[in-house]
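# Notes for the structure review
Each chain, written out:
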Amino acid sequence: TQAHYAAGEYRSAIAAWPAVPAFDPAFLAASQKSQGHLDVDENGTIVERGTKTPAHGVYGLPFRIEPSDPAAAVKAVWNAYYALWRTGSSRDVMAMDWIGRKGLERQAVLETYTLYYEGAPPDVAPKENPLDLAAQQLAVVTAPADLSGTASLEWRYRDPTKHDSSWTYVPALRRVRQISPTNRSDGFLGSDLSQDDGSFFNGKPEDFTWKLVGEREALVLADPASLAGKVQQTALPGGGYADGWPEGQTVVGYQSPDWKGLPWAPVAPVLVKRKLWVIEAAPRDPYYLFPRIELALDQETFQGATTRKFDAHGGLLRSIAFLLYASQKVAGKGDASIEPASSMGYVAAENLKANRATVV
């Protein structure tokens, strides 16, 4: 990415991160309570401190990160999950763009439905969980016609020894097929984004070994509307909120006829300076596609900023950039609900070998 800016292939304004609370008071209070009695075992599973008993029903950030802690890396990943899981559930509509050097090559439209059992606020967490799940996600392709109806279903179990269950449905075959957990590193619909990328990383922590590389201060991408507190979030009568999208927003380079840089470059996003935890993940499964993954997490919000994936010889294969969001109060809910404001999604996975990118 730094090389793209130096060559003029990316151009972004630089902005400041606002002085706003990242989490609501109830979440912060729950975090303080959790951080006093939780730890991780040798497999990276969250356990009650001083025991081997897995901890369930956790709400809040489970850990305070100390660089000297040998388990700091996996604890930072768990914090990232619980910072996300506090949303409870979501329905998202998104476009997945396959982009080459000459512009847009193909686009698919997806609807995803996500339900979090673990880490959700107590008042919205599912009351029954007979399968002992941490999360469920259903993704359905609605366009174009040749992909419409393609669906994938994922179950994430709380049991640390139990691999995820995944199924896919392809209309042309008219069959549901169960997928091996190893396939989570493969490209989704043939793109350069995998199931394990998720909102930044969606692998099961126990399936990897972790190492804290260090701390870094860097310029990372952020949504300008959230920085200004101008995201249209409206409380819904049945609970939750709706998140608006700015009309006419030019997000990706190819959408602007005057753009001279790379077609997958971020146009509307801005750069902000943030302090990051940099950690490395190595899969325990020898058949996993990427032997080493580097993740950069915001130290305050635990949102993912970047991911880099390497081959066995240290060569960089994928570089993924994510958009950070400043939190804001949801209209009509006061201090009781401070959520990540997200007016504009942008996730760009650049394939360094094939000279292309997938943008969501």
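Data block above holds the structure.
Residues numbered from 1 in each chain as written. Predicted model: local features only at pLDDT ≥ 70, side-chain atom pairs only at ≥ 80, totals over all residues. Heavy atoms only, no water.

We now examine the overall build of the chain. In terms of helices and strands, the chain carries four helices and 19 strands. The C-alpha atoms of the chain give a radius of gyration of 20 Å, which matches the 21 Å a tight globule of 360 residues would have. Each principal axis of the C-alpha atoms in the chain carries an extent, and together these give about 60 × 50 × 45 Å. Burial analysis of the chain (360 residues in total) assigns 48% to the buried set. Considering only intrachain contacts with a sequence separation of at least 6, the fraction spanning at least 24 residues in the chain is 59%. (Helix = DSSP H or I, 4+ residues; strand = E, 2+ residues; numbered from the N terminus. Rg over C-alpha atoms; globule rule 2.2 N^0.38 Å. Buried < 20%, exposed > 50% of the residue type's maximum accessible area, 1.4 Å probe, protein only. Contact = heavy atoms within 4.5 Å.)

A few words on the nonpolar core. Considering soluble globular proteins, one finds that nonpolar side chains tend to be buried as a cluster. Residues Ile46, Trp78, Phe201, Trp210, Ile293 and Phe302 are the most contacted members of the largest nonpolar core, which totals 47 residues. Contributions of two or more residues to this core are made by α2 (25-34), β1 (38-40), α3 (72-85), β5 (133-143), β9 (208-222), β12 (270-283), β13 (292-298) and β15 (316-321). It is α3 that contributes the most residues to this core, 11 residues altogether. In terms of nonpolar packing, the next biggest core, distinct from the first, is built from 17 residues, Leu221, Val252, Ala265 and Tyr325 among them. (Core = buried A, V, L, I, M, F, W, Y, C linked by side-chain atoms within 4.5 Å.)

Turning our eyes to something else, we now look at the environment of Gly187. Among the secondary structure elements, Gly187 is positioned in the loop between β8 (175-179) and β9. A relative accessible area of 36% means that Gly187 is categorised as partly exposed. A C-alpha to C-alpha distance of 32 Å links Gly187 and Gly57, two positions 130 residues apart in sequence.

To continue, consider the pairing of strand β4 (residues 103-116). For a regular strand, side chains alternate in direction, first toward one face of the sheet and then toward the other. Summarising the sheet, strand β3 (residues 89-100) and β4 pair through 12 bridges and their orientation is antiparallel. In the sheet register, Asp97 faces β4, and the bridge partner there is Gln107. Hairpin remark: β3 followed by β4, antiparallel, with two residues in the connecting loop. In terms of strand pairing, β4 meets β5 through eight bridges, oriented antiparallel. Within the sheet, the bridge partner assigned to Leu110 lies in β5 and is Val141. (Pairing = 2+ DSSP bridges.)

We now examine the environment of Gln255. Positionally, Gln255 belongs in the loop between β11 (241-243) and β12. Relative accessible area serves as the criterion here: at 36%, Gln255 is assigned to the partly exposed category. It is 38 Å that separates the C-alpha atoms of Gln255 and Tyr117, two residues lying 138 residues apart in sequence. Excluding its chain neighbours within four sequence positions, the residues that come into contact with Gln255 are Gln249 and Thr250.

This part covers the side chain of Gln303. Within the secondary structure layout, Gln303 lies in the loop between β13 and β14 (304-310). Residue Gln303 is classed as buried on the basis of its relative accessible area, which comes to 16%. Reaching out from Gln303, the side chain makes a polar contact with the side chain of Thr301 at a distance of 3.1 Å. Excluding residues that lie within four positions of it along the chain, Gln303 makes contacts with Trp17, Ala296, Leu297, Asp298, Leu323, Leu324 and Tyr325. (Polar contact = N/O pair within 3.5 Å; in protein donor to acceptor, adjacent residues only side chain to side chain.)

With that settled, the discussion passes to the pattern of salt bridges. Inspection of every chain in the model, using the stated rule, returns 20 salt bridges. Glu9 is the salt-bridge partner of Arg101, the closest N and O atoms lying 3.5 Å from each other. On the criterion of sequence distance, the pair formed by Arg101 in the loop between β3 and β4 and Glu9 in the loop between α1 (2-6) and α2 is long-range, its members being 92 residues apart. Among the ionic pairs, Glu300 bridges to Arg274, the shortest N-O distance being 2.8 Å. Of this pair, Glu300 sits in the loop between β13 and β14 while Arg274 sits in strand β12, and the two are 26 residues apart along the sequence. What makes Glu300 partly exposed here is its relative accessible area of 37%. (Salt bridge = Lys/Arg side-chain N within 4 Å of Asp/Glu carboxyl O.)

Look at α3: 20 Å from first C-alpha to last across 14 residues, which is about the 20 Å you get at 1.5 Å a residue. Most of α3 is tucked away: 13 of the 14 residues are buried. (Expected span 1.5 Å × (residues − 1).)

Here a ring pair, both rings aromatic, is described through the centre-centre distance and the interplanar angle of the planes. Enumeration over the complete set of coordinates arrives at 17 aromatic pairs. Look at Tyr5 and Tyr10: their rings are 5.4 Å apart centre to centre, the planes differ by 90°, and that puts the pair in the edge-to-face class. Geometrically, the ring pair formed by Phe200 and Phe201 is tilted, given 6.3 Å between the ring centres and 55° between the ring planes. Taken individually, Phe200 and Phe201 each receive the classification buried, so the pair is uniform in this respect. Here the aromatic cluster, defined as three or more aromatic residues joined through ring pairs, consists of Phe200, Phe201, Phe208, Trp210, Tyr288 and Phe322. Positioned over the ring face of Trp17 is Arg274, at 4.0 Å from the centre of the ring. Between the NZ or CZ atom of Arg292 and the centre of the ring of Phe310, over which it lies, the distance is 3.9 Å. (Phe/Tyr/Trp six-rings, centres within 6.5 Å; stacked < 30°, edge-to-face > 60°. Lys NZ or Arg CZ within 6 Å of the ring centre and 35° of its normal.)

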